[in-house]
Amino acid sequence: MTLFSLARRNVIGNLKNYLIYFISMIFSVVIYYTFVSLRYSEEIAANVQKWEGMKSVFTQASIVLILFVAVFIWYSNSFFTKKRKKEVGLYALLGVRKRKIGTMLFYENMMMGIGAVAVGIVLGTLLSKLFAMMFLKLLDSAVEVSFSISSEAIGNTLIVFASIIVVTSIHSYRLIYRFQLVELFKAEQEGEQVPKPSAFSAVLAVALLIIGYWTVFQPMTTSAQMGRNFLIIFGTLIAGTYLLFRYALIYILKIAQKTKSRYYKGMNMISTAQLIYRIRGNTRMFTMIALLSALTLCAVTVGSSAYFTITKEAEEEAPFSYMHISQGDSFDGQVSAMLEQDKEHPIEAKLDVPIIRVTADVTNFYYHPSSHSPSSVPIKLVSASMYNRTSETLDREGQVVLQDQDIAVIQPKYSTFTLNEVKRDTISFNAQAGKQTLTVQQLIVRRMLPWSFPDLVFIVSDTLYAKLLPGSDEVTYKGYVVKNQGSTKLTSNSLMMLKTDQNGLSSYYSQYRQNLESAGMDIFTLGFLGLVFLAATGCMIYFKQLTDANEDKERYAMLRKIGVSRKEIRTTIAKQTLFVFMLPLILGVLHSIMVLKALTTIQLISGEILIPVITTTILYAAIYFCYFVLCLGASNRIVSR
């Protein structure tokens, strides 16, 4: 029998143990192949406005996936290596040379990797059309996608995964050289020391998490505040999570030991002692899975939330179907003529919106735009009557009434201040009529001009506007409202070719399409990456629990001999397995809620996120529950044998 045939028989004989690893790795290959094939798709490139930007997103997602899959495969390989130590020691004891043993392990790992990659590429090729159609559906593009085989995607996938598999196979080859024979036979007897409790570290863990959660609710109105707060949030959550699992969890279990009435009930004593004994080995895994769960839940929620608020976001960034700064009769007439030629989208309303542009001192105003000195910020002034006419044109409710020096501020996009925070704040600037100091009395949440930075627009009384007009820099925005503005692709694309910094031309459809493509891209990539992370982290817990079950099977056999029933043993294993699966998941959900709250504060997420959060969490927990059931069944079978 050759080494290759022996390696093949070993792989086939252990296929049941390798099945979860195979499925997870195949899924990773399929997703990577999908990203690469979409990046090379000419049909998709022809129907996406910002395709170059999307290609870079696919590339970045592919790199993230490569790094994560490499870590996952390395971890899985380490699991199989540890499980095979005794078998490898037996080969050495029978006189098989180390080189031949290493070669056999190399063959085994290569076979598993090649098999997973081959199946993954075949499935990816067969499903490529489906994934492309899903992606275009998210982009609302009615394009018929033909079935095709991307040689570039296949080559790219083969190179990436071949590199990973070769490295892990070499790692397997060196197993026989890294350990003495006695160490290989005692691999299953290597235990973990009971971690020593540290009151200081436990208190520090709780304190760090409290500081991180508290920082979420602090003001983040400037870029400096955002950078500082998010650095504190991420730093404290990462450190606090590790210390919580490493030290604070021990104290919780120690307290459970001291609760005698519950501790000595049934098999609780065994369950608690086993968990304490395994804390050190599970700390890094718990920490990584909790943080990855939080990252996945946040990413998927952000992507889905943005996708379902596309229309609202487009209306905020481009209130009119079309709008531009007047550039004289020639340009204005050209724009008007192009719109009138579009008979499928007739003009329903026109409006000229004059505004005054000044440079103001907003030192005494709550909100300071980043990259501008508070003493010199470009702002726009519009009269109350013009704002009211704009609201009527856009079919909005509410009228603004102002007195003399009182002003209203229109809520800038990406800001979150309230009326109480800005009421009676002042801005000042020099005008031909003298220095003006104006007091904020109202906050308006609906914008009227296309978004530009800095996005500070103030509404003043008609009397004050007339007073400030002489000698001021007044420009007129021309706005158009057309029928069915969400389907003006041809006219919008033609008009946007005329856009310059001077005319500030904006199109609702262009903004809507840009948001749709961005949100569709996010939900597609983040959703699939999240599934890969979920599959891989569930696999890691699965492998770890099987390792523990193999090490504990003799202890459970001893319990059976002294009269413990199989039902009690199964209950004990179920409690431990549920604890291992639930703890990082619960902490990950809490972390994700806090991070989402921070992202909502800075308006990186707008709109309702409660439904996306609940839906994502339920789906995530449901998939984890499936892993829990599989893991529990496998652990019971190991212990029963």
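Further up the page is the structure itself.
Side note on the overall build of the chain
So, point 1. Of the regular secondary structure elements, the chain holds 22 helices and nine strands.
So, point 2. Burial analysis of the chain (641 residues in total) assigns 50% to the buried set.
So, point 3. The contacts in the chain between residues at least 6 apart in sequence include a share of 83% that link residues at least 24 apart.
So, point 4. When the accessible surface of the chain is split by element, carbon and sulfur atoms take 61% of a total near 30500 Å².

Here we look at the pattern of salt bridges
So, point 1. The full count for this structure, using the stated rule, is six salt bridges.
So, point 2. The salt bridge involving K350 is made with E340; its shortest N-O contact spans 3.8 Å. Here the residue K350 occupies a position in strand β2 (residues 347-360), and E340 occupies one in helix α15 (residues 329-341), the gap between them amounting to ten residues.
So, point 3. For E340, a relative accessible area of 44% gives the class partly exposed.

Let's talk about the environment of L632
So, point 1. Here L632 is to be found in helix α22 (residues 610-640).
So, point 2. Since its relative accessible area comes to 16%, L632 is described here as buried.
So, point 3. In contact with L632, not counting residues within four places along its chain, are I573, A574 and T577.

What to know about a nonpolar patch on the surface
So, point 1. On the surface, V119, V122, L123, L126, L127, L130, M134, F147 and I149 cluster together to form a nonpolar patch covering roughly 780 Å² of accessible area.
So, point 2. Tracing the chain through its elements places F147 in the loop between α6 (98-138) and α7 (151-173).

A short note on the sheet that holds strand β5 (residues 426-431)
So, point 1. Strand order in the open sheet formed by nine strands is β5-β6-β4-β7-β3-β2-β8-β1-β9, with mixed pairing between adjacent strands. One side of each edge strand has no neighbouring strand; the edge strands of this open sheet are β5 and β9 (506-507).
So, point 2. The pairing of strand β1 (residues 322-325) with β9 spans two bridges and is antiparallel. The residue of β9 that forms the bridge with M323 is S506.

A short note on the packing of aromatic side chains
So, point 1. In total, this model carries twelve aromatic pairs according to the counting rule given.
So, point 2. Ring centres of Y508 and Y512 lie 6.0 Å apart, and the angle between their planes is 15°; on these two criteria the pair is classed as stacked. One end of the pair is Y508 and the other is Y512, both in helix α20 (residues 508-561) and four residues apart, which spans about a single turn. The exposure classification of Y508 matches that of Y512, with both residues buried.
So, point 3. Relative to Y624, the ring of Y620 lies with its centre 5.4 Å away and its plane at 20°, an arrangement referred to as stacked. With Y620 and Y624 both in helix α22 and four residues apart, this pair spans about one turn of that helix.
So, point 4. Through successive ring pairs, a cluster of aromatic residues spans F365, Y366, Y367, F417 and F458.
So, point 5. Between the NZ or CZ atom of R246 and the centre of the ring of Y247, over which it lies, the distance is 4.8 Å.

Structural notes on the pairing of strand β6 (residues 434-444)
So, point 1. Across five bridges, strand β4 (residues 406-410) lies against β6 in parallel orientation. Paired with I410 across the two strands is I444, which belongs to β6.
So, point 2. Strand direction decides the pairing type here: β5 and β6, joined by six bridges, are antiparallel. For F429, the partnering residue across the bridge sits in β6 and is Q436.
So, point 3. Between β5 and β6, which pair antiparallel in sequence order, lie two residues.

Quick look at a positive patch on the surface
So, point 1. A contiguous patch of positive charge, built from R560, R566, K567 and R570, is present on the exposed surface.
So, point 2. Counting through the fold element by element, K567 comes out in helix α21 (residues 566-601).

Overview of the side chain of T525
So, point 1. Note that T525 resides in helix α20.
So, point 2. The residues touching T525, leaving out its near neighbours within four places in the chain, are F35, V57, F58 and A61.

Notes on the nonpolar core
So, point 1. M25, F35, L65, F135, F161, F524 and Y624 are the most contacted members of the largest nonpolar core, which has 114 residues in total.
So, point 2. In terms of residue count, the dominant contributor to this core is α20 (22 residues).

Focus: unusual backbone geometry
So, point 1. In this chain, F453 is followed by P454 through a cis amide linkage whose omega measures 0°.
So, point 2. Relative to the helices and strands, P454 resides in the loop between β6 and β7 (457-460).
So, point 3. Here R424, not a glycine, exhibits a phi torsion of approximately 75°, which is positive.
So, point 4. Take R424: it is sitting in the loop between α17 (419-422) and β5.
So, point 5. R424 gets classed as exposed once you look at its relative accessible area, which sits at 60%.
So, point 6. We note that N484 has phi near 55°; this positive angle belongs to a residue other than glycine.
So, point 7. By relative accessible area, N484 is classed as partly exposed at 48%.

Quick look at the packing of helix α10 (residues 199-216) against α21
So, point 1. Packing of α10 against α21 leaves a shortest axis separation of 9 Å and a crossing angle of 30°. For the element pair α10 / α21, the angle class is roughly parallel. Every pair of crossing elements has a handedness; the one defined by α10 and α21 is left-handed. Seen from α10, the contacting residues are L209, Y213 and V216; seen from α21, they are L590, H591, M594, K597, A598 and T601.
So, point 2. Looking at side-chain class alone, the contact of α10 with α21 contains six nonpolar, two polar and one charged residues.

Digging into the pairing of β2
So, point 1. In terms of strand pairing, β2 meets strand β8 (residues 473-482) through ten bridges, oriented antiparallel. Bridging across to β8, D352 finds its partner in K478.
So, point 2. Relative to strand β3 (residues 377-383), β2 runs antiparallel, the two sharing five bridges. In the strand pairing of β3, V358 is matched with I379.

Some thoughts on the environment of I73
So, point 1. Examined against the element boundaries, I73 turns out to sit in helix α4 (residues 51-83).
So, point 2. Counting along the chain gives 48 residues from I73 to M25, while the straight-line C-alpha distance between them is 7.8 Å.

Considering the packing of α20 against α21
So, point 1. It is the contact of α20 with α21, at a shortest axis distance of 12 Å, that shows an interaxial angle of 155°. Taken together, the axes of α20 and α21 are roughly antiparallel relative to one another. Our pair here, α20 against α21, has a crossing hand that is right-handed. Contacts between α20 and α21 involve I541, Q545, Y556 and R560 on the former and, on the latter, R566, I569, T572, I573, Q576, T577, V580 and F581.
So, point 2. Here the contact of α20 with α21 is composed, by residue class, of six nonpolar, four polar and two charged.

Criteria and cut-off values
In every chain, residue numbers begin from 1 and rise along the written sequence. Thresholds applied to this predicted model are a pLDDT of at least 70 for local features of residues and 80 or more for the giving and counting of side-chain atom pairs; totals over whole chains, interfaces and linings are not thresholded and use all residues. Based on all heavy atoms of the structure, the side-chain values leave hydrogens and waters out of the count. The numbering of helices and of strands both runs from the N terminus, where a helix is a DSSP run of H or I of at least 4 residues and a strand a run of E of at least 2. Three labels apply to residues, based on accessible area from a 1.4 Å probe with only protein chains included: buried if under 20% of the type maximum, exposed if over 50%, partly exposed otherwise in between. Note on contacts: a residue pair qualifies if any of its non-hydrogen atoms lie within 4.5 Å across the two residues. Computed by Shrake-Rupley with a 1.4 Å probe, the accessible areas treat only the displayed protein chains as cover when residues are assessed. Think of a salt bridge as a Lys or Arg side-chain nitrogen and an Asp or Glu carboxyl oxygen that are within 4 Å of each other. Like charges are joined within 9 Å and nonpolar side chains (Val, Leu, Ile, Met, Phe, Trp, Tyr) within 5 Å, but only among residues with over 30% relative accessible area and no salt bridge; these make up the patches. Pairing between strands is defined by DSSP: at least two bridges between them are needed. Pairing of aromatic rings covers Phe, Tyr and Trp, the last counted by its six-membered ring, and requires centre-to-centre distances within 6.5 Å; plane angles under 30 degrees mean stacked, over 60 mean edge-to-face, and any other angle means tilted. Working rule: Lys NZ or Arg CZ, within 6 Å of ring centre, within 35 degrees of ring normal, means a charge sits over the ring. Within this scheme the basic residues Lys and Arg register as positive and the acidic residues Asp and Glu register as negative, but His and the chain ends are omitted. Lys charges are placed at NZ, Arg charges at CZ, Asp charges at CG and Glu charges at CD. To form a nonpolar core, buried Ala, Val, Leu, Ile, Met, Phe, Trp, Tyr and Cys residues must be joined to one another through side-chain atoms within 4.5 Å. In this analysis, axes come from line fits to C-alpha atoms, helices being fitted only over the stretch in contact, and the angle between any two N-to-C directions falls in the range 0 to 180 degrees. Roughly parallel here means an angle under 35 degrees, roughly antiparallel means over 145, roughly perpendicular means 65 to 115, and every remaining angle is called oblique. Left-handed is the label given to a crossing in which the near helix is rotated counterclockwise from the far helix by less than a right angle, and right-handed is the label when the rotation is clockwise. Each residue gets one label: Ala, Val, Leu, Ile, Met, Phe, Trp, Tyr, Cys and Pro are nonpolar, Asp, Glu, Lys and Arg are charged, and the others, such as Gly, are polar.

Keep in mind that these numbers describe shape and distance, not what the molecule does.
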